[in-house]
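The lines below spell out each chain.
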Amino acid sequence: MASGQRVGFLGLGLMGRGMVKNLATKGFQVTVWNRTRDRAAALEPLGVKVADTPAQLMAAVDVACTCVATPAALEEVVAGKDGLLSVARRGQLLIDFSTIGPEQARGLEQRTAAVGVDFVEAPVTGSKTGAEKGTLLIMAGGTDAALGRAEPIFRAVGEKWIHCGPVGSGSQVKLAGNALIAAMLQALGEGMLLATRAGVDPAKVLEVVQASGYRSPYFEFKGQALLRRDFETHFAIDLMDKDLGLFLDSAAAYKVPTPATAAVRQCYELARAAGKGKQDIGAVITVFEQLVGTEIRPKS
Ligand code: NA7
């Protein structure tokens, strides 16, 4: 249990809400801020306080955590009007759980260090369910000392954390992981759609995948959801598209060809153009279903 440490949390979306519930029930004194205030007010029954601005939150805490949608949103919360840095004081800690690019993360570390604030990047995986259950996997970047300070928070929201290296390393690893799951999901969806169209039960595709040496908990989670046509948003298409863009930006910066990820990203761009950006990443395949007039459905 935490010893009543004062923790602020900014960004109460699908991920942030679950993380705050865990912090509030595991002994932290939590203050929250969210752009849309209603989402913050909804957490008051947990005993959390609601701040009017990021600056008001920063003035009231020892540690501030962020988990917002995009790099631009993070910049606004940190350095915009009434942002965190406007009142940051020596000795505070900032932990960012958002998925951003490595360059932005390194820049944040420099800017927080200039005012005596430690910075840890901590993108997560485990989606909405992991956030609710407190079982996220955290890809941490930062100094040993800063990570040591972040550990009580990591313990409350996550099951495991891996120290990937200095700030920037966690983001680099997270982007690689998201490129991987996007490719896995696209290949699985395409395989199941083609099987259905060819008159073969798509459930057999998943059954064989999961009986094979290339089985994965991720294929099970997403494959079963595809068969049920369950597209409840765990991770939105807009956000995966953002991450694939960040991956490709990094690849361009280091002159590393990444044609497979570029092709998968096009599928996400198609889905967004079709108005599906807020839907779960599992719904990308529905764009292709609509093109061919066939839906993935198990035979029984
Ligand atoms: P959600 O559920 O889309 O939530 C996004 C959060 O970011 C939510 O609290 C938003 O506030 C907030 N947001 C978005 N734009 C802004 C701006 N411009 N300023 C301040 N706050 C903003 O995303 P997830 O929880 O699934 O994911 C969060 C991060 O973790 C993201 O980087 C993922 O890639 C991983 P709102 O409630 O809309 O006012």
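Since the structure is predicted, the reported quantities are computational estimates derived from the model, not experimental observations.

Caption draft 1: Structural context of the overall build of the protein chain. What the protein chain contains, in helices and strands, is 13 helices and nine strands. The C-alpha radius of gyration of the protein chain comes to 20 Å, within 12% of the 19 Å expected for a compact globule of 300 residues. Reported as C-alpha extents along the three principal axes, the dimensions of the protein chain are approximately 65 × 45 × 35 Å. Counting the 300 residues in the protein chain, one finds 52% classified as buried. Residue pairs at least 24 apart in sequence account for 68% of intrachain contacts in the protein chain once pairs closer than 6 positions are excluded. In the protein chain, which carries 33 positive and 30 negative side-chain charges, the distance between the mean positions of the two groups comes to 2 Å.

Caption draft 2: Structural view of the side chain of S127. Inspection of the secondary structure assignment puts S127 in helix α6 (residues 127–133). Residues contacting S127, with those up to four places away along its chain left out, are M15, L136 and H234.

Caption draft 3: Here's a closer look at unusual backbone geometry. Notably, R229 is not glycine yet its phi reads approximately 55°, a positive angle. Residue R229 is classed as buried on the basis of its relative accessible area, which comes to 17%. With a phi close to 55°, K255 is a non-glycine residue in the positive phi region. Inspection of the secondary structure puts K255 in the loop between α11 (237–253) and α12 (259–273). Owing to a relative accessible area of 73%, K255 belongs among the exposed residues under this scheme.

Caption draft 4: Spatial organisation of the packing of aromatic side chains. Applying the stated rule across the entire model yields three aromatic pairs. Ring centres of F154 and W161 lie 5.7 Å apart, and the angle between their planes is 55°; this geometry places the pair in the tilted category. Judged by relative accessible area, W161 falls into the partly exposed class, the value being 25%.

Caption draft 5: Layout of the environment of S212. Following the sequence through the fold, S212 ends up in the loop between α9 (202–211) and α10 (217–228). Residue classification places S212 among the buried residues on the basis of a relative accessible area of 12%. A sequence separation of 30 residues divides S212 from K242, and the C-alpha atoms of the two residues are 32 Å apart. Engagement of the side chain of S212 in a polar contact is seen with the backbone oxygen of V209, the distance being 2.5 Å.

Caption draft 6: Local environment of the site of the ligand. With respect to spatial proximity, 21 residues lie near the ligand, and among them L14, N34, T36, R39 and K242 are the closest. Here a nitrogen atom of the ligand and a side-chain polar atom of E76 are 3.5 Å apart. Coverage of the ligand by the protein amounts to 87% of the 790 Å² it exposes when considered alone. Counting only elements with at least two residues in the shell around the ligand, the list comes to α1 (14–25), α4 (71–79) and α11. Partitioned by chemical class, the residues of the shell around the ligand number 10 nonpolar, six polar and five charged.

Caption draft 7: Seen up close, the state of the cysteines. This model, assessed by the stated rule, comprises zero disulfides. A disulfide-free cysteine, C67 has its sulfur positioned 9.5 Å from the sulfur of C65, the nearest such atom.

Caption draft 8: Quick peek at the domain arrangement of the protein chain. Examined at the domain level, the protein chain breaks down into domain 1 (6–166) and domain 2 (172–292). Centre-to-centre separation of domain 1 and domain 2, based on C-alpha positions: 28 Å. The interface is formed by 16 residues belonging to domain 1 together with 12 residues belonging to domain 2. Buried area between domain 1 and domain 2, summed over both chains or domains, comes out near 1200 Å², and the portion from carbon and sulfur atoms is 62%.

Caption draft 9: The packing of α1 against helix α7 (residues 144–157), seen in detail. The N-to-C vectors of α1 and α7 enclose an angle of 110°; their axes lie 8 Å apart at closest approach. One finds that α1 runs roughly perpendicular with respect to α7. Mapping the contact onto sequence places M19, N22 and L23 in α1 and I153, A156 and V157 in α7. Of the residues in the contact of α1 with α7, the class split is five nonpolar, one polar and no charged.

Caption draft 10: Spatial organisation of the nonpolar core. In terms of nonpolar packing, the biggest core is built from 35 residues, with F9, M19, I95, F97 and F154 touching the most fellow members. Residue assignment for this core shows that the elements contributing at least two residues are β1 (6–10), α1, β2 (29–33), β4 (63–66), β5 (93–96), β8 (136–141) and α7. Per element, the largest residue contribution to this core is seven residues, and it comes from α7. In contact with F9, not counting residues within four places along its chain, are G16, M19, V20, L23, T31, V32, W33, L57, C65, C67 and F97.

Cut-offs applied
Residues numbered from 1 in each chain as written. Predicted model: local features only at pLDDT ≥ 70, side-chain atom pairs only at ≥ 80, totals over all residues. Heavy atoms only, no water. Helix = DSSP H or I, 4+ residues; strand = E, 2+ residues; numbered from the N terminus. Rg over C-alpha atoms; globule rule 2.2 N^0.38 Å. Buried < 20%, exposed > 50% of the residue type's maximum accessible area, 1.4 Å probe, protein only. Contact = heavy atoms within 4.5 Å. Lys, Arg positive; Asp, Glu negative; His and termini not counted. Charge placed at Lys NZ, Arg CZ, Asp CG, Glu CD. Phe/Tyr/Trp six-rings, centres within 6.5 Å; stacked < 30°, edge-to-face > 60°. Polar contact = N/O pair within 3.5 Å; in protein donor to acceptor, adjacent residues only side chain to side chain. Near = heavy atom within 4 Å. Areas by Shrake-Rupley, 256 points an atom, 1.4 Å probe, with all protein chains shown as cover. Nonpolar A, V, L, I, M, F, W, Y, C, P; charged D, E, K, R; others polar. Disulfide = S-S within 2.5 Å. Domains from an automatic or database assignment. Buried area = accessible area lost by both parts, 1.4 Å probe. Axes fitted to C-alpha atoms, helices over the stretch in contact; angles between N-to-C directions. Parallel < 35°, antiparallel > 145°, perpendicular 65-115°, else oblique. Core = buried A, V, L, I, M, F, W, Y, C linked by side-chain atoms within 4.5 Å.

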